[in-house]
Every structure is written in C-alpha cells, then in structure tokens.
Amino acid sequence: MQALRILRDEVVNCTRCAELATRRTQTVFGEGPANARLCFFGEAPGADEDASGIPFVGRAGQLLTKIIEACTFSRDDVYILNVLKCRPPGNRQPLPDEVANCRSYFERQLAIIQPEFICCLGTSAAHALLQTTESIGKLRKKWFDHGTARVICTYHPSYLLRNPAAKRDVWDDMKVLMAAMGVRL
Ligand code: URA
C-alpha cells in the first residue's frame, strides 16, 4: 500500500531520537495487511526485532503468535506495530520524549490502516495510545475509542513470560475481543 510505503520510508530515515537512531541496526516499522481488522500494538523492538526488522519475533513474539493463533487467526491476518520503531538500549521502557517523537508515525500508521479493533499490549502501548497514566490493571476489561477503532488493553506477552499465571487474564481479554469481532472460539 502506497501510503504505508511512504511512511515506512520516512521512518527508515528518522533521526528524531539521536540515541536510538545511532544505536539501532534498523527500524522496525510494523507488519501485516493494510486492511487488517485488528492491530496488536506493542511497546518497542527488542534485540531480535532490531536484528530482523520484524515486530514480535523474539520470545515474547512467539507467545504473541500463540495468542493470535488461539484466537483462530494467523499473524498474516492481523497488523502488528509498536509505539517505538527503534530499540531502546537494554530494552528499557520508552522515554516520554521518544514516545512524543514517534507519535506521528504510529498515529499515521493507524489512520492509514483504520482497524476496527486495536489491542494494546501492556502499559507503554496503552498509555501512549490512550494518553492516560492509569495502570494496565485498571485499563483492562473496558472499551476505549481511538478514531474509529475500538480499543482493548491486556498484559504484554513479556509480562506473561515472567508471570505465566496472568495468561488466564489475557485469554479472558481475548475472549471479550473475539466476541466483539464476531469470531467464534
Ligand atoms: N516487545 C514489543 O513490545 N514489541 C516487539 O516488537 C517485541 C517485543
């Protein structure tokens, strides 16, 4: 899709965050069909994503792929993107200035895709998209609007790797999301 290609080319050349731009191997724009009904919105690339240029391909990514497949989709059916397009050093959380610098990219990306549903994965994604500081625990189990999309928040797959007991909560969230999408599980 032309509009996404133009945006991707801008992102590839971005130097708004001096530290991230000098340290990155490459930018990680996002992946999926331009007409996806559902976007998964993550935090930022890690080492594996920085190396491959593809979002969510490391351990957390493999878990996200399992979640997507449990929802009867494949990765090719959904669009996956992050708040930040560059890896923060040591996988630290995105800084407010970095989120501000990247905001126009993810906002334009979502405006082009116009998904019906956005699933925020974890605190950074939820805070960046919804411009709130509420805890992820409080943001779960509620619907929000972003443009024409309905937004739901759940835990980040990296959190599930550290706290496998929370997988049950994420599955509950996915059941709510799939019901709203009219997907029978
Ligand atoms: N975590 C994220 O939030 N995004 C990725 O792309 C990989 C891990």
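This write-up is about the structure you can find in this document. (Residues numbered from 1 in each chain as written. Predicted model: local features only at pLDDT ≥ 70, side-chain atom pairs only at ≥ 80, totals over all residues. Heavy atoms only, no water.)

1. A few points about helix H1 (residues 2-12)
Within an α-helix, residues lying three or four positions from one another point in the same direction, as the helix has 3.6 residues per turn.
Move 1: By the burial criterion, the buried members of H1 are Leu-4, Leu-7 and Val-11. Around the axis of H1, the buried residues are gathered within 65 degrees of arc, so they sit on the same side.
Move 2: Of the surrounding secondary structure, the elements contacted by the buried residues of H1 are strand E2 (79-82) and helix H5 (96-113). (Buried < 20%, exposed > 50% of the residue type's maximum accessible area, 1.4 Å probe, protein only. Helix = DSSP H or I, 4+ residues; strand = E, 2+ residues; numbered from the N terminus. Arc of directions from axis to C-beta. Contact = heavy atoms within 4.5 Å.)

2. Some remarks on the side chain of Thr-154
Move 1: Mapped onto the fold, Thr-154 is located in strand E5 (residues 149-154).
Move 2: Judged by relative accessible area, which is 1%, Thr-154 ranks as buried.
Move 3: Here the side chain of Thr-154 touches Asp-173 through a polar contact of 2.6 Å, side chain to side chain.
Move 4: Setting aside its immediate chain neighbours within four residues, Thr-154 contacts Cys-119, Cys-120, Leu-121, Gly-122, Ile-136, Arg-140, Val-170, Asp-173 and Met-174. (Polar contact = N/O pair within 3.5 Å; in protein donor to acceptor, adjacent residues only side chain to side chain.)

3. Description of the site of the ligand
Move 1: Around the ligand, the surrounding shell consists of Gly-42, Glu-43, Ala-44, Glu-49, Pro-55, Phe-56, Asn-82 and His-156.
Move 2: Contact distances for the ligand include 3.1 Å between a nitrogen atom and a backbone N or O atom of Ala-44.
Move 3: A distance of 2.9 Å separates an oxygen atom of the ligand from a polar backbone atom of Phe-56.
Move 4: Placement of the ligand is best described as lying within the largest pocket. (Near = heavy atom within 4 Å. 1 Å grid on protein atoms, 1.4 Å probe; cavity = no way out; pocket = protein on both sides within 12 Å on 5 of 7 lines; lining within 4 Å. Sits in = over half its atoms within 2 Å of the grid points.)

4. So, empty space enclosed by the protein
Move 1: In the structure shown here, the tally under the stated rule is 1 cavity of 30 Å³ or more.
Move 2: Around the largest cavity, the lining comprises 14 residues; the ones closest to its centre are Cys-14, Cys-17, Arg-24, Cys-86 and Cys-102.
Move 3: Put simply, the parts of the chain that give the lining of the largest cavity at least two residues each are helix H2 (18-23) and H5.
Move 4: In terms of residue count, H5 provides more of the lining of the largest cavity than any other element does, 4 residues in total. (Points joined across faces, edges and corners; volume = space filled by probe spheres on them.)

5. Let's talk about the nonpolar core
Move 1: Of all hydrophobic cores here, the largest spans 58 residues; its most connected members are Leu-38, Phe-40, Phe-41, Phe-73, Leu-129 and Leu-177.
Move 2: Top element by residues in this core is H5. It accounts for 6 residues.
Move 3: If we ignore the near neighbours within four places in the chain, the residues touching Phe-40 are Leu-64, Ile-68, Val-78, Tyr-79, Ile-80, Leu-81, Cys-119, Leu-121 and Met-174. (Core = buried A, V, L, I, M, F, W, Y, C linked by side-chain atoms within 4.5 Å.)

6. A closer look at unusual backbone geometry
Move 1: One non-glycine residue, Thr-72, lies in the positive phi region at around 70 degrees.
Move 2: Along the chain, Thr-72 falls in the loop between helix H4 (59-70) and E2.
Move 3: Positioned with a positive phi, Gln-114 is a non-glycine residue whose angle comes to about 50 degrees.
Move 4: Residue Gln-114 is classed as exposed on the basis of its relative accessible area of 53%.

7. Digging into the pairing of E5
Move 1: Of all 6 residues in E5, 5 are buried; the element is thus mostly enclosed.
Move 2: The pairing of strand E3 (residues 117-121) with E5 spans 5 bridges and is classified as parallel. Bridge assignment links Cys-120 to a residue of E5, and that residue is Cys-153.
Move 3: Looking at chain direction, strand E4 (residues 144-146) and E5 are connected through 3 bridges and run antiparallel. Looking at E5, one finds that Phe-144 is bridged to Val-151.
Move 4: In sequence, E4 turns back onto E5 through a hairpin of 2 residues, with Gly-147 there showing a positive phi of about 60 degrees. (Pairing = 2+ DSSP bridges.)

Everything listed here is a matter of geometry and, on its own, says nothing about what the molecule does.
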